[in-house]
Amino acid sequence: MWSVVSSGELPDGERFEWFADMISREVMPTRLTSERPADFTAEAALLDLGELHVSKVAYSPLRSQRTPALIRRGDPEQYQLGLVTKGAMTLVQNGNSCEAEVGDLVFWDTSRPSDARYVSDGDPGQLVILQLPRDVLPLRAARLDGLLARRMPGGSGLGAVLADFLRSLVAHGGACTPDELSRIGATAIDLAAACLAQNTDTEKQLPAEVRARALLRRIHSFIEYNLGDPELTPADVAAHHNLSVRTLHQLFRGAGEETVQARIRRRRLERCRADLERPELLTYPVQAVAARWGFSGPAVFSRSFREAYGASPTEFRARATAGRPGRALSVKEVRAERTA
């Protein structure tokens, strides 16, 4: 569960002072300044992932500085990897500087002096931050130093996988159990390490098991994005990731997972089941739901669905939506939603 603190319940004139004091006391000594402290608002939330934490912060424009004196007063000794989700930020550290916008990843070290500015246009800016203890990343510090205050695009490759992972964690992490969050934390470390290694061209220095887990996560994301393609096969998955089909199957088997084809089938069925439970899709034909998620024909879908859930798709929908009114979406709306 997220632990949340917010300036919302305080009088306007006290919000900035409260936030600055809270950050310096609970996170690390930091000099915060704002050009409009009387209008300042902020909200911060923390999720415990075992060895690391993830935080999400919404804020009015401000400047954050860590000086040598402040570092000597207190230091969590962390690397922090931030995803900009609203607004923008600039960061200066270790002789580097960058400007990051929505979708970009930024990396910094709490043990080094830094100067960050967070800006937004209208709505508060937002940042999701992985707080990583220095010893959990299997990469040499000298290599990581070159990434400090460097913008890393989060729109392709491992950056996109990590960015999508963080967005999903913000959306659904609060409903996870402590054991689940601990496992998610291990995945977060692997993805962060793989993303950073890729950006330093040192990916081959990662332990083999870390590279394998990161590759598996990329493959899972590729499958998710392409479930609606009825031509998606293990051969396509392997080719996209420059693997042989045999190596792909070995990767899944080594991780104790189901087969590639079984995962594709299961995730398609789960997506179909979710759509059939939605009352606003009641007028959308069952066979159209099946086609939306890549099933080649109604007979195959109906048989697979019954085997998985013990009822036909029509029977399942009737039970799931009984007495639940909703506006029916048009076919155009459903297709737009799927491709969004």
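Higher on the page you've got the structure.
Residues numbered from 1 in each chain as written. Predicted model: local features only at pLDDT ≥ 70, side-chain atom pairs only at ≥ 80, totals over all residues. Heavy atoms only, no water.

The next point concerns the packing of aromatic side chains. For any pair of aromatic rings, the description rests on two quantities: the centre-to-centre distance and the angle between the ring planes. Throughout the structure, instances matching the rule amount to 10 aromatic pairs. Plain terms: the ring middles of F16 and F40 are 5.1 Å apart, the flat faces sit at 85 degrees to each other, and that makes the pair edge-to-face. In this pair, F16 is assigned in helix α1 (residues 15–27) and F40 in the loop between β2 (31–33) and β3 (42–48), connecting sequence segments 24 residues apart. Each member of the pair, F16 as well as F40, carries the same accessibility label: buried. Consider the rings of F295 and F301, whose centres lie 5.0 Å apart with planes at 55 degrees: the pair is tilted. (Phe/Tyr/Trp six-rings, centres within 6.5 Å; stacked < 30°, edge-to-face > 60°. Helix = DSSP H or I, 4+ residues; strand = E, 2+ residues; numbered from the N terminus. Buried < 20%, exposed > 50% of the residue type's maximum accessible area, 1.4 Å probe, protein only.)

Within the largest apolar cluster, 41 residues are counted, with the highest numbers of intra-cluster contacts made by L81, F107, L130, L132, L137, L162 and L196. Contributing elements (two or more residues each) for this core: β3, β6 (78–86), β9 (104–109), β11 (125–133), α4 (157–172), α5 (178–199) and α6 (208–225). The leading source of residues in this core is α5, at 11 residues. Dropping the residues within four chain positions of it, L81 is found in contact with V106, F107, V128, I129, L130, L132, M152, L162, A192 and L196. One finds F222, F252, L281 and V289 within the second-largest nonpolar core, a separate group that totals 28 residues. (Core = buried A, V, L, I, M, F, W, Y, C linked by side-chain atoms within 4.5 Å. Contact = heavy atoms within 4.5 Å.)

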